[in-house]
Amino acid sequence: MVMKPAWLEGLIGESFFGICRFHENKRKNEKNIFCLDCCQSFCPHCLPTHHSHPLLQVRRYVYQDVVRLDDLEKLIDCSFVQPYTINSAKVIFLNQRAQSRSCKGPANSCLTCDRILQEPFHFCSLSCKVDHMVYQGEDLSSILCRFDVTDFAFSQLEGLRMDVSEFGDDYGQITPDSILVDFKDSSGSDNGIIYKPDVEKKKKKKNNDFIPKFFSFGSRRKGAPQRSPLS
């Protein structure tokens, strides 16, 4: 049996989106980047320290950590882990989520935490798949991938700028490939998927450019008034 590699252990066990203790007084200081070399999370302001390291961007939805499937499957085999679609991108939950009800009857469910799933998936999160394989004594090396560090270069990160005070968190819709009941009407913030202005700022006009609404250029008269001819 192969033990979990340090990056996988760190990724699953890390607490993301906490405040970076080195940049407590800066905006956008949430730890949403994971260094695959250092096996730790950090905020966008820490990027210069890890500029040459392979980096993985972690995103958040409904208070849960997710990673894009396109990124994660370059590191590990994500087959049979149910993906979800957020803002047109497929993502995988890193850890299992709390649920209000357990699976009853013959419904398809997660082999680790019993969360209801759609066919043909067996796991609701990456950690559930890894924990199941460890519990079964399976070889984790069979699902680990040799990755190209250029795929996780700094230039591949999206939406991470240190001066984006005019931007707000986008509130998108989340849907699994086949919609689950517990996500039917939920909504939450998704940091990092799409940043866009929350409220479009309007330019203030100077007083001398102000035109009252009741003023009409069509009724403006020029020169001396002309009388109609006498009948």
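Just so it is clear, the structure is predicted and the values come from calculations on it, not from any experiment.

A general feature of soluble globular proteins is that nonpolar side chains tend to end up buried together. In terms of nonpolar packing, the biggest core is built from 32 residues, with Trp7, Leu11, Phe34, Val58, Leu72, Ile76 and Leu126 touching the most fellow members. Residues in contact with phenylalanine 34, not counting those within four places in the same chain, are Trp7, Gly10, Leu11, Phe16, Cys39, Gln40, Ser41, Phe42, Pro54, Leu55, Leu56 and Val58. Of all hydrophobic cores here, the second largest spans nine residues; its members include Cys20, Cys35, Phe42 and Leu55.

It is worth spelling out helix H1 (residues 6-13) at this point. Buried within H1 are the following residues: Trp7, Leu8, Gly10, Leu11 and Ile12. Summarising the contacts, the buried residues of H1 are in contact with strand S1 (33-35), strand S3 (55-57), helix H2 (69-72) and helix H3 (126-135).

Our focus in this paragraph is the environment of alanine 107. Looking at where alanine 107 falls in the secondary structure, it is placed in the loop between strand S7 (89-93) and H3. Given a relative accessible area of 36%, alanine 107 falls into the partly exposed group. The spatial distance from the C-alpha of alanine 107 to the C-alpha of glutamine 118 is 8.8 Å, given a sequence separation of 11 residues.

Let us now look at the pattern of salt bridges. Taken as a whole, this structure holds three salt bridges when the rule is applied. Between aspartate 65 and arginine 60 there is a salt bridge, with its nearest N and O atoms 2.5 Å apart. For aspartate 65, a relative accessible area of 11% gives the class buried. Between aspartate 77 and lysine 129 there is a salt bridge whose closest N-O contact spans 4.0 Å. Of this pair, aspartate 77 sits in the loop between H2 and strand S6 (84-86) while lysine 129 sits in helix H3; the two residues are 52 residues apart in sequence, bridging distant segments of the chain. Overall, aspartate 77 belongs to the partly exposed group, its relative accessible area being 31%. Judged by relative accessible area, which is 5%, lysine 129 ranks as buried.

What follows concerns the packing of aromatic side chains. On inspection of all chains with the given rule, the structure shows three aromatic pairs. Considering the side-chain rings of phenylalanine 16 and phenylalanine 34, the 6.1 Å spacing of their centres and the 70° angle between planes classify their relative orientation as edge-to-face. In this pair, phenylalanine 16 is assigned in the loop between H1 and S1 and phenylalanine 34 in strand S1, connecting sequence segments 18 residues apart. Ring plane angle 85° and centroid distance 5.5 Å describe the contact between phenylalanine 147 and phenylalanine 152, whose orientation is recorded as edge-to-face.

The next point concerns the sheet that holds strand S2 (residues 40-42). Hydrogen bonds between backbone atoms are what pair the strands of a sheet, whose relative direction is either parallel or antiparallel. The strand order across the open sheet built from three strands is S2-S1-S3, with neighbouring strands paired in antiparallel fashion. For this open sheet the edge positions go to S2 and S3, each flanked by a neighbour on one side alone. Strand-to-strand twist in this sheet, taken as the mean axis angle between neighbours without regard to direction, amounts to 30°. Where S1 lies against S2, three bridges are found, and the strand directions are antiparallel. Following the sheet pairing, isoleucine 33 is matched in S2 by phenylalanine 42.

If you trace the backbone, arginine 97 turns up in the loop between S7 and H3. By relative accessible area, which is 7% here, arginine 97 ends up buried. Side-chain polar atoms of arginine 97 contact the side chain of tyrosine 84, separated by 3.2 Å.

Right, let's get into unusual backbone geometry. Between glutamate 119 and the following residue, proline 120, the backbone shows a cis peptide bond with an omega angle of 5°. Note on placement: proline 120 falls in the loop between S7 and H3. In the Ramachandran plot, cysteine 39 falls in the positive-phi region, its phi being about 60° despite a non-glycine side chain. Positive phi, normally seen in glycine, also occurs at asparagine 87, with a value near 50°. Turning to its location among the elements, asparagine 87 is positioned in the loop between S6 and S7.

Criteria and cut-off values
- Residues numbered from 1 in each chain as written.
- Predicted model: local features only at pLDDT ≥ 70, side-chain atom pairs only at ≥ 80, totals over all residues.
- Heavy atoms only, no water.
- Core = buried A, V, L, I, M, F, W, Y, C linked by side-chain atoms within 4.5 Å.
- Buried < 20%, exposed > 50% of the residue type's maximum accessible area, 1.4 Å probe, protein only.
- Contact = heavy atoms within 4.5 Å.
- Helix = DSSP H or I, 4+ residues; strand = E, 2+ residues; numbered from the N terminus.
- Salt bridge = Lys/Arg side-chain N within 4 Å of Asp/Glu carboxyl O.
- Phe/Tyr/Trp six-rings, centres within 6.5 Å; stacked < 30°, edge-to-face > 60°.
- Pairing = 2+ DSSP bridges.
- Axes fitted to C-alpha atoms, helices over the stretch in contact; angles between N-to-C directions.
- Polar contact = N/O pair within 3.5 Å; in protein donor to acceptor, adjacent residues only side chain to side chain.

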